[in-house]
Amino acid sequence: MELNENEALKAPDASGRFGDFGGRFVPETLMPACLELEEAFNESWADPSFRKELDDLLADYAGRPSPLTDCPNLSELLGCRVLLKREDLNHTGSHKINNVLGQALLAQRMGKTRLVAETGAGQHGVATATAAALLGMECCVYMGEVDVERQKLNVFRMRLLGAEVRTALSGSRTLKDAINEAMRDWVATVEESHYCLGSVMGPHPYPWMVRTFHEVLGSEARSQCEERLGTTPDVVVACVGGGSNAIGIFSGFADSPAELVGVEPAGGAAVGRGVPGVVHGSRSFLMQDEFGQVLEAESISAGLDYPGVGPEHSFLAASGRARYESVNDAEVVEAFQLLSRLEGIIPALEPAHALAWVSRERASLAGKTVLINLSGRGDKDVDQILQLLEKEGRA
Ligand SMILES: Cc1ncc(COP(=O)(O)O)c(C=O)c1O
């Protein structure tokens with residue numbers, strides 16, 4: 001496929017396609033809801049009063065801008081200058097709040113009274129439950145049974161915030177299955193519910209809308225880097241589940257010379273191991289068997305345990321503007337401990353993937369400036385890591 005590099009910066013076409021990827025593959029009952037959402041988003045995003053309301057919430061409620069942190073100890077060890085974009089310091093503990101505040105305000109504008117969401121690691125569920133509490137909306141979050149077990153703390157937080165958490169018992173009982181159930185709920189309750197999707201995936205307009213709500217983190221990072229370094233970093237690295245934190249930071253550097261690297265879990269490497277297919281409403285790289293059946297993803301990190309990826313990432317991979325690498329669970333656990341010990345920052349297991357790749361590739365990164373999107377904090381993961389290290393006799 002011939003693609004112009006600059007095309008990667010553009011919005012999708014009218015049918016929501018980024019080149020060969022994206023689109024809107026939904027049951028007929030959901031088509032009007034997708035069209036209504038697209039129109040409401042376009043109209044709201046063009047309205048300065050909506051942007052102001054969102055900007056005020058991002059600043060006064062979520063705590064933006066998030067800082068840029070230099071990591072002197074880690075930089076010395078790795079031989080490259082490592083900078084972190086601190087999305088872990090946002091209210092509710094991850095980048096997810098940027099998108100959720102945007103969608104919740106939009107849902108309210110559309111007259112919806114209920115938010116439906118899916119969650120893997122629980123961070124998107126917590127962010128959605130938080131926004132629902134703030135705006136006085138009902139909230140129902142679907143979560144796979146496996147994730148309910150490994151992310152108990154976040155399940156409790158969602159319930160404290162007034163949300164109902166429904167356990168998805170089908171399939172691999174992880175994120176993919178939670179999305180299926182949330183979509184089913186949306187079909188049945190579309191009059192009063194907005195589906196607050198947690199990543200840059202799903203049918204159009206979700207991938208573009210979610211990316212737009214996350215651009216704030218990329219544009220902040222770009223100006224912070226220019227101020228601190230006098231230029232852009234050599235490499236920008238982010239973990240990729242559905243891909244929202246990665247798209248957010250990539251969007252700030254897509255028209256710069258920076259190399260863009262997305263890091264997937266080895267057991268859920270949709271770009272690395274997938275082939276194009278349709279899942280959850282759009283066409284993208286997807287792990288599937290020879291009969292087109294979706295393969296189960298497997299990752300230590302609940303937030304990356306997904307066999308697909310957002311369509312814009314497939315487009316960026318196909319055009320060569322971004323590259324996608326993978327790391328295994330053992331490398332992630334090591335990176336999780338490394339950042340904690342060297343810099344006093346306990347990362348979530350998801351961004352520990354980005355860090356693991358930088359740590360492994362230190363030889364080729366020598367002397368470079370590397371920006372890592374620290375998409376979330378590790379509070380939710382310490383119990384899981386404690387159990388793992390105890391089992392291995394290392395705690
Ligand atoms: C902290 C954190 N980072 C990353 C992700 C992965 O999502 P995405 O690829 O959409 O950023 C999650 C998902 O739960 C998360 O909690």
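Reference entry: report on the structure contained in this document.

Calculation rules
Residues numbered from 1 in each chain as written. Predicted model: local features only at pLDDT ≥ 70, side-chain atom pairs only at ≥ 80, totals over all residues. Heavy atoms only, no water. Buried < 20%, exposed > 50% of the residue type's maximum accessible area, 1.4 Å probe, protein only. Helix = DSSP H or I, 4+ residues; strand = E, 2+ residues; numbered from the N terminus. Pairing = 2+ DSSP bridges. Phe/Tyr/Trp six-rings, centres within 6.5 Å; stacked < 30°, edge-to-face > 60°. Contact = heavy atoms within 4.5 Å. Polar contact = N/O pair within 3.5 Å; in protein donor to acceptor, adjacent residues only side chain to side chain. Near = heavy atom within 4 Å. Areas by Shrake-Rupley, 256 points an atom, 1.4 Å probe, with all protein chains shown as cover. Nonpolar A, V, L, I, M, F, W, Y, C, P; charged D, E, K, R; others polar. Axes fitted to C-alpha atoms, helices over the stretch in contact; angles between N-to-C directions. Core = buried A, V, L, I, M, F, W, Y, C linked by side-chain atoms within 4.5 Å. Salt bridge = Lys/Arg side-chain N within 4 Å of Asp/Glu carboxyl O.

A word on the pairing of strand β14 (residues 369–374). Judged by how many residues are buried, β14 sits mostly within the fold: six of six residues are covered. A two-sided burial pattern is seen for β14, the buried positions comprising Thr369, Leu371 and Asn373 on one face and Val370, Ile372 and Leu374 on the other. Sheet topology places strand β9 (residues 235–239) next to β14; three bridges connect them, and they run parallel. Counted as the bridge partner of valine 237 is isoleucine 372 from β14.

Moving on, we come to the packing of aromatic side chains. Any two aromatic rings considered together are summarised by their centre-to-centre distance and by the angle between their planes. In this structure the tally under the stated criterion is eight aromatic pairs. Taken together, a centroid distance of 5.4 Å and an interplanar angle of 40° make the contact between phenylalanine 21 and phenylalanine 285 tilted. Highlighted residues: phenylalanine 21 in strand β2 (residues 21–22) and phenylalanine 285 in strand β12 (residues 282–286), separated in sequence by 264 residues. Grouping residues by exposure puts phenylalanine 21 and phenylalanine 285 together as buried. Judged by centre distance (6.0 Å) and plane angle (55°), the rings of tyrosine 195 and tyrosine 206 are tilted. Here the residue tyrosine 195 occupies a position in strand β8 (residues 193–195), and tyrosine 206 occupies one in helix α9 (residues 206–229), the gap between them amounting to 11 residues. According to the relative accessible area criterion, tyrosine 206 is buried, its value standing at 0%. These aromatic residues form a ring-pair network of at least three members: Phe41, Trp45 and Phe213.

Among the structural elements, arginine 360 can be located in helix α14 (residues 349–360). By relative accessible area, which is 38% here, arginine 360 ends up partly exposed. Sequence separation between arginine 360 and alanine 335 is 25 residues; the distance between their C-alpha atoms is 9.6 Å. Leaving out residues up to four positions away in the same chain, arginine 360 has contacts with Ser326, Val327 and Glu331. Polar contacts involving the side chain of arginine 360 include one to the side chain of glutamate 361, which spans 3.5 Å.

It is worth spelling out the site of the ligand at this point. Around the ligand, the structure places 19 residues, and the nearest of them are Ser199, Gly243, Ser244, Asn245 and Ser375. The contact in question runs from an oxygen atom of the ligand to an N or O atom on the backbone of glycine 241, over 2.8 Å. Backbone polar atom of glycine 243 to an oxygen atom of the ligand: 2.7 Å apart, as the coordinates give it. For the ligand, whose unbound accessible area comes to 390 Å², protein coverage reaches 97%. Of the residues in the shell around the ligand, the class split is five nonpolar, 12 polar and two charged.

This paragraph deals with the sheet that holds strand β13 (residues 322–327). Strand order in the open sheet formed by six strands is β3-β4-β14-β9-β10-β13, with mixed pairing between adjacent strands. Every other strand in the sheet has two partners, leaving β3 (68–70) and β13 as the edge strands with one partner each. On average, each strand axis in the sheet is tilted by 25° relative to the strand beside it, whichever way the strands run. Where strand β10 (residues 259–265) meets β13, six bridges bridge the pair, whose relative direction is parallel. The residue of β13 that forms the bridge with valine 263 is glutamate 325. Sitting on the sheet, α14 touches β9, β10, β13 and β14, and the angle it makes with β9 is about 140°.

The next subject is the sheet that holds strand β7 (residues 164–168). Taken in spatial order, the four strands of this open sheet run β7-β6-β5-β8, and their pairing is parallel. Only two strands of the sheet have a single neighbouring strand rather than two, namely β7 and β8. Going from strand to strand, the sheet's axes swing by 25° on average, the running direction of each strand aside. Across three bridges, strand β5 (residues 114–119) lies against β8 in parallel orientation. Each bridged residue has a counterpart across the sheet, and for leucine 115 the counterpart in β8 is histidine 194.

Note that arginine 24 resides in the loop between β2 and α1 (31–45). On the basis of relative accessible area, arginine 24 is assigned to the buried category, the value being 18%. A polar side-chain atom of arginine 24 sits 3.1 Å from the main-chain carbonyl oxygen of histidine 204.

Below, the discussion takes up the nonpolar core. Counting residues in hydrophobic clusters, the biggest one holds 82 residues, and the most contacted among them are Ile249, Phe250, Phe253 and Leu371. For this core, the element with the most residues is α9, which contributes eight residues. Sequence-distant contacts of isoleucine 249, defined by excluding residues within four places in its chain, comprise Lys85, Leu217, Gly218, Ala221, Val236, Ala238, Leu371 and Asn373.

Across all of its chains, the model carries 33 salt bridges by this definition. The salt bridge partner of glutamate 259 is arginine 323, with a shortest N-O separation of 2.2 Å. Of this pair, glutamate 259 sits in strand β10 while arginine 323 is found in strand β13, placing the two residues 64 residues apart along the sequence. By relative accessible area, arginine 323 is classed as partly exposed at 32%.

Structural measurements only, silent on function.
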